[in-house]
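Read off the chains here:
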Protein chains: 2
Amino acid sequence: MYDLWVNYPAIPAQEAAVSGALRGLLEGGAPLPAAYGPPQGAEAARRAIAPLLGLAPGQALALTCGGQSALSVAFAAALAAAGPGRRRIAMEAHTFPMARHFLALEGVPTLGLPMDAEGMDLAALEQALASPEPPGVLYVMPVVHNPLGLTYSAARLAALAAIVARHDLWVVEDEAYAFLAAPELRPPSLASLLPERVFGMWSLSKMVSLSLRLGAVSAPAALAEVAAEQIRIRGLTANPVIAAATARLAEDGTAARLVAEKRAEGAARRALAREILGTARFATEPGDSWHIWMHRPAGEAEADFLARARAAEVSLAPATPFRHAGGEAPFFRLSLGGEAERARLAEGLGRLARVLT
Amino acid sequence: MYDLWVNYPAIPAQEAAVSGALRGLLEGGAPLPAAYGPPQGAEAARRAIAPLLGLAPGQALALTCGGQSALSVAFAAALAAAGPGRRRIAMEAHTFPMARHFLALEGVPTLGLPMDAEGMDLAALEQALASPEPPGVLYVMPVVHNPLGLTYSAARLAALAAIVARHDLWVVEDEAYAFLAAPELRPPSLASLLPERVFGMWSLSKMVSLSLRLGAVSAPAALAEVAAEQIRIRGLTANPVIAAATARLAEDGTAARLVAEKRAEGAARRALAREILGTARFATEPGDSWHIWMHRPAGEAEADFLARARAAEVSLAPATPFRHAGGEAPFFRLSLGGEAERARLAEGLGRLARVLT
């Protein structure tokens, strides 16, 4: 089976980098970090990792045991800030399924808002805010959106920030794939525009290696304790040895080098997809992402299409789980991270091309 | 300040053991575990660690990013099993504060039940079960209770198991400190008596080292997926490198040796406490624990007593946070794990003796 499902951006060098950092930690002679530390992680590790994430001034950073736990802290802290009267969360109509699963588990009502190529439809957001039950929290992925791959325009983000400020919204800004966008080309983060209103989240596992299983969450500096308390009570504190190893990777430039290599590898893989598939079926411009939102053949049910792909030994991510409203739509997510070898990826894309014709 | 607050059972050898296991993993030549694995942790790691925990037949094990996250999974899975109609949790009237904090965060109503030297008062439990809002979940620490230090009698546990079965209760069995009791002397776990009704939890961080920040949760085999799904959605999966290192410590006998050393060190520290303080103020028999539930001088408010101790450079854990009902009671928790050196512990106990006279 050719894996065109997984969009994790892996490169061969990443695990050796983590091994090297752990070896350096063990050979450094200092005892392993072991005492009960602050729930948000050791100050030294947070300080080392913050620049890698582009932490905005006025924001406080906390480390967690993975990206999903970071996202859960961001949601829980934003909901606490919004208060019980504004517990509804507005999100993009296509969104990260595990975010919806967490909110469903917590019994939090959500609302999906339409998008165009520049980002969320702000008229729809204004309309939701004028409703009798206005949302109190906004969940967005402005840079390298999953599953759409798109990045918001700077103008759309500035207009969004103005609405947030006007309506006292709290924001969960998901930066899980944002590192794939070159910093000089991406729009400023909402956290940098509204540091007192935004909870950000990152996955060091995605930026560096899944062996780290390390996440990070930022909070307005005044609410750092709210986030730390969520981490403490839910038991989400990052492993201190892994945090220290990651701090080494951030400090000596290895993590930034891996990120740059992931960007370059992604560009090569997207070029391969364009070459083999053409762009006629691209539903959005993939930008800097390792996944592409694609049109599937008209008039065929999702299950039938996926079965046909599987028969051709191609595994694809269905569109349905990414849709806030549920139900079918004529799309699928093509992902370029599942095959370690570019040659295997090319073979899989070739098979997919035949499935799509 | 002499730390007589922290009850974490530390011994000098533990961090070197973790370093050794990580070194072995890195030098073994195999790549670091890095792929997306099952949320409950790699099968090989779980199989290696299960015997160390004494996993009961009929129970499935999952690893998590620490003891508190293991406890949260046990609660969430037990509540899911009990269903929305039986969402109340009965617990011991003296209990682990972080358990109450998690349940408060989740909005779960709780009920405290009195205890005697053999464990929970079963008449009080029967009475709660006959009430209009019977609890659906029972949270207990039968072996080396925190803060009381006591271990349930086998007879009390058998009677408790019978009530659980009769009333279709689900149980969260907290084994965080149970490893301090010699296996041949401890009563059988509730999980071994009722494997289809019990969610167990352990802290590898306590058994081995805080550098691991690794927890474990067990579920009835038929409900393993319920627990795994909670781990996945809350983002509580254990770090795969740390899990593999811990598996090595379990397989080569190092973890069992550390546990035995912690038991022996605890006995020596309790002997010191008996020698320096006498036992007249022991409110319960400490059994195998590193903490002792103590009477404080009559007629003095808790805050005044703790302030007097601090003035003598002794830091003690107040009783109030451990009380389900809240409010003062004439106790405090003396803990024997805060000072690394036994000589420092003896000095601190000497100062406490003067505070208590």
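Residues numbered from 1 in each chain as written. Chains lettered and ligands numbered in written order. Predicted model: local features only at pLDDT ≥ 70, side-chain atom pairs only at ≥ 80, totals over all residues. Heavy atoms only, no water.

(A) Expanded view of the overall build of chain A. Of the regular secondary structure elements, chain A holds 13 helices and 13 strands. Here the C-alpha radius of gyration of chain A, 20 Å, is about what a compact globule of 357 residues would show, namely 21 Å. For chain A, long-range pairs separated by at least 24 residues make up 76% of all intrachain contacts whose partners lie at least 6 apart in sequence. Put simply, chain A has 32 plus and 34 minus side-chain charges, and the middle of one group is 2 Å from the middle of the other. (Helix = DSSP H or I, 4+ residues; strand = E, 2+ residues; numbered from the N terminus. Rg over C-alpha atoms; globule rule 2.2 N^0.38 Å. Contact = heavy atoms within 4.5 Å. Lys, Arg positive; Asp, Glu negative; His and termini not counted. Charge placed at Lys NZ, Arg CZ, Asp CG, Glu CD.)

(B) Here's a closer look at the relation of the copies chain B and chain A. Note on the copies: chain B fits chain A at an RMSD of 0.0 Å, the axial shift is 0.0 Å, and the rotation between them is 180 degrees. Between the two chains, the operation in question is that of a two-fold axis. A shared binding surface is used by both copies, with 100% of the interface residues of chain B retained as interface residues in chain A. (Least-squares fit on C-alpha atoms with pLDDT ≥ 70 in both.)

(C) Quick peek at the sheet that holds strand E9 (residues 198-203) of chain A. All names here are of chain A. The strand order across the open sheet built from seven strands is E2-E10-E9-E8-E7-E3-E4, with neighbouring strands paired in mixed fashion. Both outer strands of the open sheet, strand E2 (59-64) and strand E4 (110-113), are each paired with one neighbouring strand and no more. Shown here is a sheet whose adjacent strand axes are inclined to one another by a mean of 20 degrees, direction ignored. Where E2 and strand E10 (residues 215-220) come together, six bridges link them in antiparallel fashion. Of the residues in E10, the one forming a bridge with Leu61 is Ser218. The strands touched by helix H2 (residues 43-53) within the sheet are E2, E9 and E10, with E2 carrying the most contacts at an inclination of about 110 degrees. (Pairing = 2+ DSSP bridges. Axes fitted to C-alpha atoms, helices over the stretch in contact; angles between N-to-C directions.)

(D) Quick look at the pairing of strand E4 (residues 110-113) of chain B. All names here are of chain B. Here E4 shows a clear split, with Leu111 and Leu113 buried on one side and none of Thr110 and Gly112 buried on the other. Both strand E3 (residues 89-92) and E4 contribute to a ladder of four bridges, which runs parallel. Along E4, the bridge assignment pairs Ile89 with Thr110. This β-α-β element, E3 to helix H4 (residues 97-105) to E4, shows right-handed connectivity. (Buried < 20%, exposed > 50% of the residue type's maximum accessible area, 1.4 Å probe, protein only. Right-handed = clockwise from strand over helix to strand, strands pointing away.)

(E) Geometry of the side chain of A:Ser209. Residues and elements named next belong to chain A. Among the structural elements, Ser209 can be located in the loop between helix H8 (204-207) and E10. Since its relative accessible area comes to 0%, Ser209 is described here as buried. Within the structure, Ser209 has its side chain in polar contact with the side chain of Ser211 (distance 2.7 Å). (Polar contact = N/O pair within 3.5 Å; in protein donor to acceptor, adjacent residues only side chain to side chain.)

(F) Highlighting the packing of aromatic side chains. Counted under the stated rule, the structure contains 14 aromatic pairs over all chains. On the basis of an interplanar angle of 85 degrees and a centroid distance of 5.9 Å, the ring pair of A:Tyr36 and B:Tyr8 is categorised as edge-to-face. Residue A:Tyr36 is found in the loop between helix H1 (13-27) and H2, and its partner B:Tyr8 is found in the loop between strand E1 (2-4) and helix H1 (14-27); the two belong to separate chains. The class for B:Tyr8 is buried, based on a relative accessible area of 4%. Joined through ring pairs, the aromatic side chains of A:Phe75, A:Phe102 and A:Tyr139 make up one cluster. (Phe/Tyr/Trp six-rings, centres within 6.5 Å; stacked < 30°, edge-to-face > 60°.)

(G) Geometry of the side chain of B:Asn239. As for its position among the elements, B:Asn239 is in the loop between helix H9 (224-234) and helix H10 (240-251). Of note is the side chain of B:Asn239, whose polar atom sits 2.8 Å from the backbone oxygen of A:Leu212. A distance of 2.8 Å separates a polar atom in the side chain of B:Asn239 from the backbone nitrogen of B:Val241.

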